Amino acid sequence: MSELTPAPVEGEPLVEIRGLRKSFGTHEVLKGIDLVVHPGEVVCIIGPSGSGKSTLLRCVNLLEQPTAGTIRIGAMEVTDPDVDIDLVRRHVGMVFQQFNLFPHLSVLRNCTIAQDKVLGRKGADAERIARSTLARVNLDDKLDAFPAQLSGGQQQRVAIARALSMDPDLMLFDEPTSALDPELVGDVLTVMRRLADEGMTMLVVTHEMAFAREVAHRVVFMDDGMIVEQGPPEQVISAPTEERTREFLRRVL
Ligand code: ADP
Ligand code: MG
């Protein structure tokens, strides 16, 4: 897609991260991250285990409290001490490696409960939207199933539908296919590719280099809490300029 659809870089950024630092005790995990994402842009974040990729995503929706720096998403100052965390979470959908569905709720209810509790969107309205997002992830035949009755790939697609049901401006994906059996990865990536084609702004931590190469407008390589290199996939994945990027790619490609 990167060759067909140019990166939408004109106009105001949707996400603006400046000087972001995060420490756990004395361990500094993010060491000054600057990252700007425009509406409709798909940014894939790659890098070795422990480099701070998950912590970065978790700071964006305040699952972690940043130690220093600023994060803005649209009109929201995420790092303002008085920010409404629920408001941030309404605008930012997140998909985790481990799905995190409610095991005791049906697929349909998994996709209506947050609409009800967070948006106050009730009954038939919430259900209509859940049905339509479940159709977008090709699961409209599983509305009454429970998570345990689904494959990992199906569960992950429910998690994506659940996030989409909140009409997010931004979607965060943290290694969404890493827990899946190899034969189930494709269906999830297909759904994510479609979302990207529809213009969703996405920050995706992934080890799927083929996906990053094909779908990302920009690839960001992180190591040791810093952005080492970023640019279009054909540059960062195919012709990296930094030795640390080259070394990482030698191990994963
Ligand atoms: P990645 O996602 O790139 O593998 P993480 O962001 O998960 O990296 O972790 C980066 C570093 O921060 C690791 O050393 C990890 O052990 C540490 N870390 C992450 N979360 C916590 C936490 N809640 N408490 C203490 N250390 C943490
Ligand atoms: Mg991680």
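For the protein, the name recorded in an unreviewed UniProt entry is ABC-type polar-amino-acid transporter, with Pengzhenrongella frigida as its organism. The UniProt entry for the protein carries the following text under Sequence similarities (unreviewed entry): "Belongs to the ABC transporter superfamily."

Draft legend 1. Fine view of the overall build of the protein. Broken down by element type, the protein carries ten helices and ten strands. Whereas a compact globule of 253 residues would reach a radius of gyration of roughly 18 Å, the protein reaches 18 Å, a difference of no more than 12%. On the principal axes, the C-alpha backbone points of the protein span a range of 50 × 45 × 40 Å. Sequence separation of 24 or more characterises 67% of the internal contacts of the protein that already satisfy a separation of 6 or more.

Draft legend 2. Summary view of the site of ligand 1. Taken together, Phe-24, His-27, Val-29, Pro-48, Ser-49, Gly-50, Ser-51, Gly-52, Lys-53, Ser-54 and Thr-55 make up all the residues around ligand 1. Take Lys-53: an N or O atom from its side chain is 2.7 Å from an oxygen atom of ligand 1. Contacts to ligand 1 include Thr-55, whose side-chain N or O atom sits 2.6 Å from an oxygen atom. Only strand E2 (27-37) and helix H1 (53-60) provide two or more residues apiece to the shell around ligand 1.

Draft legend 3. Structural view of the pattern of salt bridges. Inspection of every chain in the model, using the stated rule, returns 18 salt bridges. The partner of Glu-16 in a salt bridge is Arg-72, and the shortest N-O contact between them spans 2.5 Å. With a gap of 56 residues between them, Glu-16 in strand E1 (residues 15-24) and Arg-72 in strand E4 (residues 68-73) connect regions that are remote in the sequence. Looking at Glu-16, the relative accessible area reads 21%, which means it is partly exposed. For Arg-72, a relative accessible area of 15% puts it in the buried group. A salt bridge links Glu-214 to Arg-193; the nearest nitrogen and oxygen atoms lie 3.1 Å apart.

Draft legend 4. Expanded view of the pairing of strand E3 (residues 42-46). Burial runs high along E3: five of the five residues are buried. Neither face of E3 is exposed, since Val-42, Cys-44 and Ile-46 on one face and Val-43 and Ile-45 on the opposite face are all buried. Relative to strand E8 (residues 201-205), E3 runs parallel, the two being bridged by four bridges. If you follow Ile-45 over to E8, its bridge partner there is Val-205.

Draft legend 5. Spatial organisation of unusual backbone geometry. One non-glycine residue, Leu-62, lies in the positive phi region at around 65 degrees. Of note, Leu-62 is situated in the loop between H1 and E4. Of note in this structure, Asn-100 is not a glycine but carries a positive phi near 55 degrees. Topologically, Asn-100 is positioned in the loop between strand E6 (92-95) and helix H3 (107-110).

Draft legend 6. Looking closely at the packing of helix H5 (residues 123-136) against helix H6 (residues 152-164). Look at H5 against H6: their axes get within 9 Å of each other, and the N-to-C directions meet at 135 degrees. With respect to H6, the element H5 is oriented oblique. Here the hand of the crossing between H5 and H6 comes out right-handed. Residues Thr-133, Leu-134 and Arg-136 of H5 touch H6, and the partners they reach there are Val-158, Ala-161 and Leu-164.

Draft legend 7. Looking closely at the packing of aromatic side chains. One pass over the full model with this rule turns up one aromatic pair. Consider the rings of Phe-221 and Phe-248, whose centres lie 5.4 Å apart with planes at 40 degrees: the pair is tilted. Of this pair, Phe-221 sits in strand E9 (residues 218-223) while Phe-248 sits in helix H10 (residues 243-252), and the two are 27 residues apart along the sequence. Here the two residues Phe-221 and Phe-248 agree in accessibility, since each one is buried.

Draft legend 8. Local environment of the packing of H6 against helix H7 (residues 182-197). Close contact between H6 and H7 brings their axes to 8 Å; oriented N to C, the two are set at 20 degrees. When the interaxial angle is binned, H6 and H7 end up roughly parallel. Like other packed secondary-structure pairs, H6 and H7 cross with a definite hand, here right-handed. For the pair formed by H6 and H7, the contact residues are Gly-152, Gly-153, Gln-156, Arg-157, Ile-160 and Leu-164 on the first element and Leu-184, Asp-187, Val-188, Val-191, Met-192 and Leu-195 on the second. By residue class, the composition of the contact of H6 with H7 is seven nonpolar, three polar and two charged.

Draft legend 9. Representation of the sheet that holds E8. Taken together, the six strands give an open sheet; going across it, the order is E6-E7-E8-E3-E9-E10, and neighbouring strands pair in mixed fashion. The two strands at the open ends of the sheet, each matched to only one other strand, are E6 and strand E10 (226-231). Recorded for the sheet is a direction-independent mean angle of 20 degrees between the axes of neighbouring strands. Examined bridge by bridge, E6 and strand E7 (residues 170-174) share four bridges and lie parallel to one another. When the sheet's bridge partners are listed, Met-94 is paired in E7 with Leu-172. Contacts between H6 and the sheet are confined to E6 and E7, with E6 contributing the most and set at about 170 degrees to the helix.

Conventions we followed
Residues numbered from 1 in each chain as written. Chains lettered and ligands numbered in written order. Predicted model: local features only at pLDDT ≥ 70, side-chain atom pairs only at ≥ 80, totals over all residues. Heavy atoms only, no water. UniProt positions renumbered as here; feature names shortened; annotations may be inferred. Helix = DSSP H or I, 4+ residues; strand = E, 2+ residues; numbered from the N terminus. Rg over C-alpha atoms; globule rule 2.2 N^0.38 Å. Contact = heavy atoms within 4.5 Å. Near = heavy atom within 4 Å. Polar contact = N/O pair within 3.5 Å; in protein donor to acceptor, adjacent residues only side chain to side chain. Salt bridge = Lys/Arg side-chain N within 4 Å of Asp/Glu carboxyl O. Buried < 20%, exposed > 50% of the residue type's maximum accessible area, 1.4 Å probe, protein only. Pairing = 2+ DSSP bridges. Axes fitted to C-alpha atoms, helices over the stretch in contact; angles between N-to-C directions. Parallel < 35°, antiparallel > 145°, perpendicular 65-115°, else oblique. Left-handed = near helix turned anticlockwise from the far one by under 90°. Phe/Tyr/Trp six-rings, centres within 6.5 Å; stacked < 30°, edge-to-face > 60°. Nonpolar A, V, L, I, M, F, W, Y, C, P; charged D, E, K, R; others polar.

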